[in-house]
Amino acid sequence: MKTEGKAEGLQAVQASAAQEQAGTAWRIDEAGWGVGIARSDCPNCDARPDGTEINLLVIHNISLPPQVYGGRFVEDLFANRLDCDAHPYFDQLRGLKVSAHFFIRRDGSVVQFVPTTQRAWHAGLSNFKGRERCNDFSIGIELEGSDVDDYCDAQYTTLASLATAIAERHPISDITGHENIAPGRKTDPGPHFDWVRFHHDFEGLFSRVREVTFRS
Ligand SMILES: [Zn+2]
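Note that this is a predicted model, so its numbers are computed, not measured.

Thresholds applied
- Within each chain, residue numbers correspond to sequence positions counted from 1 in written order.
- Since the coordinates come from a predicted model, pLDDT governs what is reported: local features require at least 70, and pairs of side-chain atoms require 80 or more to be given and counted, while whole-chain, interface and lining totals use all residues.
- The term nonpolar core refers to a set of buried Ala, Val, Leu, Ile, Met, Phe, Trp, Tyr and Cys residues connected through C-beta atoms within 7 Å.
- Neighbour counting defines burial: a residue surrounded by 20 or more other C-beta atoms within 10 Å of its own C-beta is buried, one with 12 or fewer is exposed, and intermediate counts give partly exposed, using backbone-placed C-beta atoms.
- The way it works is that DSSP assigns letters per residue, a run of H or I at least four long becomes a helix, a run of E at least two long becomes a strand, and they are numbered from the N terminus.
- Distance between backbone-placed C-beta atoms decides contact: two residues are in contact if it is within 7 Å.
- By definition, two strands form a pair when at least two bridges between them are found by DSSP.
- Angles shown run from 0 to 180 degrees and are taken between the N-to-C directions of axes, each axis being a line fitted to C-alpha atoms and, for helices, limited to the stretch in contact.
- Angle categories are assigned with fixed cut-offs, so that under 35 degrees is roughly parallel, over 145 is roughly antiparallel, 65 to 115 is roughly perpendicular, and the rest are oblique.
- Whether a crossing is left-handed or right-handed is set by the direction in which the near helix is turned from the far one by less than a right angle, anticlockwise for left-handed and clockwise for right-handed.
- Side-chain classes are defined by residue name, with Ala, Val, Leu, Ile, Met, Phe, Trp, Tyr, Cys and Pro counting as nonpolar, Asp, Glu, Lys and Arg as charged, and the others, Gly among them, as polar.

Asker: Explain the nonpolar core to me, please; I cannot follow it from the model alone.
Answerer: Nonpolar side chains tend to gather and get buried jointly when the protein is soluble and globular. Ranked by internal contacts, the top residues of the largest apolar core, which has 45 residues, are Leu57, Ile141, Leu159, Leu162, Ala163 and Ile166. Going through the elements one at a time, β3 (56-62), α2 (73-78), β4 (102-104), β9 (138-144), α3 (153-169) and α5 (195-205) are the ones with two or more residues in this core. The element that contributes the greatest number of residues to this core is α3, accounting for eight residues. In this structure, Leu57 is in contact with Ser138, Ile139, Ile141, Ala163, Ile166, Ile172 and Ile175, ignoring residues within four places of it in sequence.

Asker: Whenever I open this one, the sheet that holds β4 confuses me. Can you help?
Answerer: Strands pair in a sheet through their backbones, by hydrogen bonds, and they do so in one of two ways: parallel or antiparallel. Pairing in this open sheet of seven strands is mixed, and the strands run β1-β5-β4-β9-β3-β10-β11 from one edge to the other. Of all strands in the sheet, those bounded by a partner on one side alone are β1 (38-39) and β11 (213-215). Sheet contacts for α3: β3, β4, β5 (110-112), β9 and β10 (174-177); angle to β9, the most-contacted strand, approximately 170°.

Asker: Honestly, the packing of α3 against α5 in this entry has me stumped. Any pointers?
Answerer: Helices that pack against each other are described as a pair by the angle of their axes relative to one another and the distance between those axes. The geometry of α3 relative to α5 is characterised by a closest axis approach of 9 Å and an angle of 50° between their N-to-C directions. Taken as axis vectors, α3 and α5 run oblique relative to one another. With respect to the hand of their crossing, α3 and α5 are arranged in right-handed fashion. Here Tyr156, Leu159, Ala160, Ser161, Ala163 and Thr164 of α3 lie close against α5, whose contacting residues are Arg197, Phe198, Asp201, Phe202 and Leu205. For the contact of α3 with α5, a count of residues per class yields seven nonpolar, two polar and two charged.

Asker: Got a minute to help me understand the pairing of β10 in this structure?
Answerer: Look at any regular strand and the pattern is simple: side chains alternate between the two faces of the sheet. Pairing geometry for β3 and β10, over four bridges, is parallel. Considered in β10, the bridge of Ile59 is made with Gly177.

Asker: What's the story with the environment of Glu53 in this structure? I'm lost.
Answerer: Secondary-structure assignment places Glu53 in the loop between β2 (45-46) and β3. Judged by local crowding, Glu53 falls into the exposed class, with 12 C-beta atoms found within 10 Å. Sequence separation of Glu53 and Asp136 is 83 residues, and the distance between their C-alpha atoms is 8.8 Å. When neighbours within four sequence positions are excluded, Glu53 is seen to be in contact with Phe137 and Pro171.

These results come straight from atomic positions and should not be treated as a statement about function.
Written as structure tokens, this is what we have:
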């Protein structure tokens with residue numbers, strides 16, 4: 001009975017930590033790391049081209065295997081240590097080197113892989129308003145999810161806080177989805193992502209130092 005009590009206590013602490021993290025006004029420091037945000041190993045990044053202004057935020061979804069939530073596989077993939085024999089779906093991921101700056105889990109907790117000042121490898125072949133290689137000038141946020149499931153309330157809460165912190169640190173002028181910069185090739189974050197809700201939440205937090213356009 002005592003053990004049960006402890007486990008429940010631990011869950012409560014973890015839940016409140018996630019909530020607290022989600023409700024906090026975050027800040028991205030000079031080096032591009034979120035203050036108080038957990039970090040995870042990721043070698044898949046490099047320098048942005050000299051003088052590049054970081055002005056695009058790209059929203060993605062990911063789950064490994066698709067629609068299975070809560071495991072360590074996304075962190076493993078971004079660290080190049082995914083056991084590709086662990087699931088048949090992973091076979092196609094062998095040798096793949098990808099990353100994103102942030103990953104927001106279903107419970108709203110967030111982990112950072114790459115400092116925002118560095119280039120993460122999330123967009124691939126892409127084009128935004130005639131500019132190719134979106135990785136050069138964008139920041140990528142992965143939501144744990146899929147094209148067929150609704151996202152969680154806690155994820156919207158965290159996403160609004162995080163996007164605000166990013167837009168206050170970098171001159172973000174546009175926020176869009178992966179599907180819009182790689183049409184025909186990518187479909188995320190997909191039809192279940194509520195752009196109106198995200199836009200509304202963001203507007204409620206952002207200090208409006210500049211216009212930020214949402215392209216859903
Ligand atoms: Zn994507």
